[in-house]
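Now for the letters of each chain:
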Amino acid sequence: MKQLFAMLLVALFAAPAQAAPGDVQRFPAQGPVTAQLRIHGTTDIEVFAVVIADYQRLYPGTEVVYEDIITQDLYARYLRDRQLPTSPDVLISSGMDLQTKLVNDGHALAHRSPQTDAVPAWAKWRNEAFGISYEPVAMVYNTRALPAAKVPHTRRQLLDLLRAEGAPLRGKVGTYDIERSSVGYLLATQDAQRGSIASALLAALGDNGVVREERTGVLLDKVSRGELSLVYNVLGSYAQARIDAGASLGIVEPEDYTLVVLRTAVIPRTSAHVVEAKRFLDYLLSPRGQQVLSREARLMPIIQGNGGDSDPARNLRPIQLGPGLLVYLDALKRRQFLDVWRSSVVEPGKK
C-alpha cells in the first residue's frame, strides 16, 4: 500500500513531460579534482551560483553540477531516477511538504554537526531536513501602476480592492497556478488553514481574472513590465533582488499574517558523494555560508546572528517542518482542494 501511494504521488506531481530536465550548469573544480557534488535545486542558477563559487574558494578541488528544477519535478525526478548515476547528492527546495514526504518515506540521510544543531527546532525535522534560509511570502506591486494610497497591507484590504467599484485589478492581478506550482499549492493550503477570508479572497481573485503562473520569475516579469499591477503570495527575496537592481516594485508583507517558507536541504539516501554532501550542508549552515546566502544570494539566513532575523516574530508565521505538511499531500485531500480552488479561480462562472 505504501509503495502504491508513493507511485500515486509521483503521478500527481510529475509534469506532463515526466519531469523534463531543468537548466544545468557545471562548475569546474578550481584545481585538481578531489571531489564531486551534484545538486538539484529550485533556486535559480544565477542566484545560487554565488554560493557555489564561494564554496569552491574553500574547497577548490570540488567539481559541482547544479541543476535548476521546478519543485514538483525535483520531487518526481528523484523518485524516478534515484538509482541512476546522475541522481543528486543534495536536494534544495522551497517545496517543504515534498521534502518532508521524502524524509517521511525513508529517502533521506541523517546528519548531526555543530552547524545542524544550530538550526532552530522549527526549521529542521529528524535531523534529515534542514532549513537553510527562510522566505517571507509577500504581495508585490508595480509602484507606477498602483498608487501608494491604494496598496493593500492586509488580505482584507486586498479583498476590498478586488471588489472595488470599477474593478481596478481586473486582469491586473496574478498568483501561482497551484495545479502546477508546488509552492503555490503549499501556500494556498496554509492560507486555507490560517485565514478566515481565504475562500472569499479566492473567489474575488477568480472574478478578477487572476493571471496564474508556475514560477515566481514569470509573475515578477509581468508585474515589472506593468502587465500586472499586483501579485499575491510570492517569495519576497526574488522581488527584493529586482528592486535592488532598479525595478519599480514594492513589497508588502501582509500585516494580518505573513507566511514564512523554508528553503530546505535534504541529503538523499542514494547520494554517491555523502561526505561531500554533508560538508556542503555544513558550509550552508556555517556563519560564512549564511552570510553569503544573505549578502550575495539575497536569501534570508536561518541562523540568528548571521545577517538576518531567523526567529520569525511580529506578523511572521513560519510553516514548520514536520508531519503536519503531509496532510494535503494525501491524494484525495489534494484532489478535493484543487476542485474547490479550480471552481473559484479557474472557472468562477461555473460556481
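Residues numbered from 1 in each chain as written. Predicted model: local features only at pLDDT ≥ 70, side-chain atom pairs only at ≥ 80, totals over all residues. Heavy atoms only, no water.

1. As for the overall build of the chain
Applicable threshold: Think of it this way: any DSSP run of H or I at least four residues long counts as a helix, any run of E at least two long counts as a strand, and we number them from the N terminus. The globule rule is 2.2 Å times the number of residues to the power 0.38, and the radius of gyration it is compared with is taken over C-alpha atoms. Every residue pair with non-hydrogen atoms within 4.5 Å of one another is taken to be in contact. Note that accessible areas follow from Shrake-Rupley with a 1.4 Å probe, and for residues the cover is restricted to the protein chains shown. His is not counted, nor are the chain ends, whereas Lys and Arg count as positive and Asp and Glu as negative. The location of each charge is read from NZ of Lys, CZ of Arg, CG of Asp or CD of Glu.
Looking only at helices and strands, the chain has 13 helices and 13 strands in total. Over its C-alpha atoms the chain spans a radius of gyration of 20 Å, differing by no more than 12% from the 20 Å that the globule rule assigns to 351 residues. Dimensions of the chain, computed from C-alpha atoms along their principal axes, come out at roughly 65 × 50 × 35 Å. Within the chain, contacts between residues separated by at least 24 positions form 80% of all contacts whose residues are at least 6 apart in sequence. Approximately 14600 Å² of the chain is accessible, and the part contributed by carbon and sulfur atoms is 51%. For the chain, the distance from the average position of its 40 positive side-chain charges to the average position of its 37 negative side-chain charges is 2 Å.

2. Describing the environment of Ser 133
With respect to the helices and strands, the residue Ser 133 is situated in strand 6 (residues 129-142). The spatial distance from the C-alpha of Ser 133 to the C-alpha of Gly 322 is 17 Å, given a sequence separation of 189 residues. What Ser 133 contacts, discounting residues up to four positions off in sequence, is Val 261, Leu 262, Arg 263, Leu 299, Met 300, Pro 301 and Ile 302.

3. Considering the pattern of salt bridges
Put simply, the test is: Here, a salt bridge means any side-chain nitrogen of Lys or Arg that lies within 4 Å of a carboxyl oxygen of Asp or Glu. Only protein chains enter the accessibility calculation, which uses a 1.4 Å probe. A residue is then buried if its area is under 20% of the maximum for its type, exposed if over 50%, and partly exposed in between.
Scanning the model with the defined rule gives 21 salt bridges in all. A salt bridge links Arg 155 to Asp 191, with the nearest nitrogen and oxygen atoms 3.7 Å apart. Of the two residues, Arg 155 sits in helix 6 (residues 155-162) while Asp 191 sits in helix 7 (residues 182-194), which places them 36 residues apart along the sequence. With respect to burial, Arg 155 and Asp 191 carry one shared label: buried. The closest approach of N and O atoms between Arg 298 and Asp 244, which form a salt bridge, is 2.1 Å. Of this pair, Arg 298 sits in the loop between helix 12 (287-295) and strand 12 (300-301) while Asp 244 sits in helix 10 (residues 236-244); the two residues are 54 residues apart in sequence, bridging distant segments of the chain.

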